[in-house]
Amino acid sequence: LSNIDSLVNIYMPKLQILHLGFNNIKNINALEKVYFPELISLNLNRNEISNIDILSNVIFPKLEKLDFFDNNISNINVFYKVNFPCLKELNLWINNIQDIKPLCEAEFPMLEKLNLSNNNILDLKHFNQFIINSTFVQIIKRIFILRQI
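This structure is a prediction, so every number in the text was calculated from the model and none was measured. (Residues numbered from 1 in each chain as written. Predicted model: local features only at pLDDT ≥ 70, side-chain atom pairs only at ≥ 80, totals over all residues. Heavy atoms only, no water.)

Glancing now at the pattern of salt bridges. For the structure shown, the criterion picks out four salt bridges. In this structure, Lys-26 and Glu-48 form a salt bridge, with 3.8 Å as the shortest nitrogen-oxygen distance. Taken together, the residues span a long stretch of sequence, with Lys-26 in the loop between strand E1 (17–19) and strand E2 (41–43) and Glu-48 in the loop between E2 and strand E3 (65–67) at a distance of 22 residues. Since its relative accessible area comes to 51%, Lys-26 is described here as exposed. Here Glu-48 falls in the partly exposed class, since its relative accessible area comes to 31%. (Salt bridge = Lys/Arg side-chain N within 4 Å of Asp/Glu carboxyl O. Helix = DSSP H or I, 4+ residues; strand = E, 2+ residues; numbered from the N terminus. Buried < 20%, exposed > 50% of the residue type's maximum accessible area, 1.4 Å probe, protein only.)

If you look at the biggest cluster of nonpolar residues, it comprises 40 residues, and the most contacted ones within it are Ile-28, Ile-52, Phe-60, Phe-68 and Phe-79. Excluding residues that lie within four positions of it along the chain, Phe-68 makes contacts with Ile-28, Leu-44, Asn-45, Ile-49, Ile-52, Leu-55, Ile-73, Asn-91, Leu-92, Trp-93 and Asn-95. (Core = buried A, V, L, I, M, F, W, Y, C linked by side-chain atoms within 4.5 Å. Contact = heavy atoms within 4.5 Å.)

Pasting the structure below:
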């Protein structure tokens, strides 16, 4: 499986978890043409995906977990445009990301876990804005309170 075009005409209204890892997938454009209203987890780890711009056109209203571990992603400008109101976990570990500003300015009100390990991030100055605009503030406050006890 090197592309996901075969998903286009599949209708699975109850599908909650879709794991497409380890498939040498390069192109995820077919995601624009599928609708999985109950999908909560999309795993595309260990593929050869470099372009994720199509995410701005997909509709996954209940998506909680998005995993792009070990791909070739460098441009994450799409995160300025995505609408994943339920996203709790985003894994971008082992990619080629240098600029995290689009991610830091994205709206992820429910985000709890973010993994950017093993990338080529050059500057963390925008990360402060991310912390201020996200639920990470609540997590940091809880950690601080627990340390004081």
